[in-house]
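Each chain, written out:
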Amino acid sequence: MANEIVEYQAKLYVYDLNNCAKEFGFKDDEGWELSLATSEGKASLHKKYYPVVSTKVVPEILTELFNRVKSQLVQAKSNIQNKFDTENMAALDLQYLVAYNPKRFRQ
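Residues numbered from 1 in each chain as written. Predicted model: local features only at pLDDT ≥ 70, side-chain atom pairs only at ≥ 80, totals over all residues. Heavy atoms only, no water.

Chemist: Help me understand the overall build of the protein chain, please; the structure alone is not making it clear to me.
Modeler: Along its length, the protein chain carries five helices and three strands. In the protein chain, the succession of helices and strands from N to C terminus is α-β-α-β-α-α-α-β. With 107 residues in all, the protein chain has 38% of them scored as buried. The contacts in the protein chain between residues at least 6 apart in sequence include a share of 86% that link residues at least 24 apart. In the form shown here, the protein chain has an accessible surface area of approximately 6,700 Å², with 50% of it arising from carbon and sulfur atoms. (Helix = DSSP H or I, 4+ residues; strand = E, 2+ residues; numbered from the N terminus. Buried < 20%, exposed > 50% of the residue type's maximum accessible area, 1.4 Å probe, protein only. Contact = heavy atoms within 4.5 Å. Areas by Shrake-Rupley, 256 points an atom, 1.4 Å probe, with all protein chains shown as cover.)

Chemist: Quick question: what am I supposed to make of the pairing of strand S1 (residues 33–37) here?
Modeler: Here S1 lies mainly inside the structure; four of its five residues are buried. Relative to strand S3 (residues 96–100), S1 is paired through five bridges, and the arrangement is antiparallel. Across the sheet, the residue bridging to Leu34 is Ala99, located in S3. (Pairing = 2+ DSSP bridges.)

Chemist: Before we go on, may I ask you to explain the side chain of Thr38 in this structure?
Modeler: Here Thr38 shows up in the loop between S1 and helix H2 (39–48). Look at Thr38 and you get buried, because its relative accessible area is 18%. There is a polar contact of 3.1 Å between the side chain of Thr38 and the backbone nitrogen of Gly41. If near-sequence neighbours (up to four positions away) are discounted, Thr38 is found in contact with Leu92, Asp93, Leu94 and Tyr96. (Polar contact = N/O pair within 3.5 Å; in protein donor to acceptor, adjacent residues only side chain to side chain.)

Chemist: Before we go on, may I ask you to explain the sheet that holds S1 in this structure?
Modeler: By definition, the strands of a sheet pair up through backbone hydrogen bonds, in either a parallel or an antiparallel sense. Pairing is antiparallel in the open sheet, where three strands are placed in the order S1-S3-S2. Strands with a single pairing partner mark the edges of an open sheet, and in this sheet they are S1 and strand S2 (52–56). Direction aside, neighbouring strands of the sheet carry axes that sit 20° apart on average. Most of the contacts of H2 go to S3, to which it runs at about 15°, and overall it touches S1, S2 and S3. Sheet contacts for helix H3 (residues 59–72): S1 and S3; angle to S1, the most-contacted strand, approximately 175°. (Axes fitted to C-alpha atoms, helices over the stretch in contact; angles between N-to-C directions.)

Chemist: Which parts of the structure should I look at to understand the environment of Gln72?
Modeler: Tracing the backbone shows Gln72 in helix H3. Classification of Gln72 by relative accessible area gives partly exposed; the value is 29%. Placed 62 residues apart in sequence, Gln72 and Ala10 show a C-alpha to C-alpha distance of 8.1 Å. Excluding anything up to four places from it in sequence, Gln72 contacts Glu7, Ala10, Lys11 and Val14.

Chemist: Can you walk me through the confidence of the model for the protein chain in this structure?
Modeler: Interpretation of this model should avoid reading the predicted coordinates in detail wherever pLDDT is low. With 83% of its residues at a pLDDT of 70 or more, the protein chain has an overall mean of 85. Counted against residues more than four places away or in other chains, residues 75–83, with its pLDDT under 50, gives 18 contacts. (pLDDT = per-residue confidence, 0-100.)

And the structure:
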């Protein structure tokens, strides 16, 4: 059951990312950078980049959702999974999966 929920959330998130990319006219060389963030980190990314697509996720499935979204997005480039381990997720207070385009700064 949990796998079905994660798969469904991943599909919805990727769908939102694709729609947002079309809406903002992403070029072929532009893509999403994925990040796991705290509420402060999410706010910082929202202030720095535009557009930003974020979703709040329970820590128990955050890593799995990140990996599913990353595998569904061909253009996603991130080494974040090497920086965090699942055991320390709750200690780090990571709650958000955030996607942003590093080439598009907020003006």
